[in-house]
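# Notes for the structure review
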Amino acid sequence: MSDCMNMRKCGSQGVKHEDIKDYYGKQLKKTSDLKSNACVAPAKPCPAFIRKALQNVHPEVTAKYYGCGLVVPECLEGCCVLDLGSGSGQDCYMLSQLVGENGHITGIDMTKEQVEGCHSS
């Protein structure tokens, strides 16, 4: 099995799974710590229903948001959503408001530190 297949090494620069876990789990403490400008502001502003839901997210969670944006369908009431690489949980917290009491959100992240941050907020 190749290195990339078993998640030990990916890409031509040899970025290792542990390097990624270290970056997101130990090096990043707040959004301003990001070492990339790969994420840019969307061309169109977020819809009002997303902005309203984001206002309810705890500031500690928002301060640790490292995502590049989120595509959210308009009708999520009662849906089940899986968020891979959920980080601080901002998208999960926001989406939980949109799926309502009959929906369900599951967030998964590979870094212990990110998951612990979700539980403390």
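Heads up: the structure comes first, above all this text.
Here is a short report on the structure shown in this document.

Counted by the stated rule, this structure contains zero disulfides. With no disulfide of its own, Cys 79 has Cys 80 as its nearest cysteine by sulfur position, at a separation of 7.5 Å. Looking at Cys 79, the relative accessible area reads 29%, which means it is partly exposed.

So, about helix H4 (residues 90-99). Counting buried positions along H4 gives seven out of 10 residues, so the element sits mostly inside the fold. Considered for burial, the residues of H4 that qualify are Gln 90, Asp 91, Cys 92, Met 94, Leu 95, Leu 98 and Val 99. Tucked into the core, H4 has its buried residues touching helix H2 (48-54), helix H3 (59-62), strand S1 (80-84) and strand S2 (104-108). Of the residues flanking the end of H4, it is Gly 100, one or two places downstream, whose phi is positive at about 75°.

What counts as what
- Chains are numbered independently. Their residues run from 1 in the order of the written sequence.
- Owing to the predicted nature of the model, reporting of local features is limited to residues with pLDDT of at least 70; listing and counting of side-chain atom pairs is limited to 80 or more, with chain, interface and lining totals taken over all residues.
- Each side-chain value is worked out from all heavy atoms of the structure, with water and hydrogens disregarded.
- Two cysteine sulfur atoms form a disulfide, by the criterion used here, when they sit within 2.5 Å.
- With a 1.4 Å probe rolled over the protein chains alone, any residue whose accessible area is under 20% of its type maximum counts as buried; one over 50% counts as exposed, and the rest are partly exposed.
- The secondary structure listing takes helices from DSSP runs of H or I that are at least 4 residues long and strands from runs of E that are at least 2 residues long, numbered from the N terminus.
- Whether two residues touch is decided by their heavy atoms; if any such pair falls within 4.5 Å, the residues are in contact.

What is shown is where atoms sit, not what they do.
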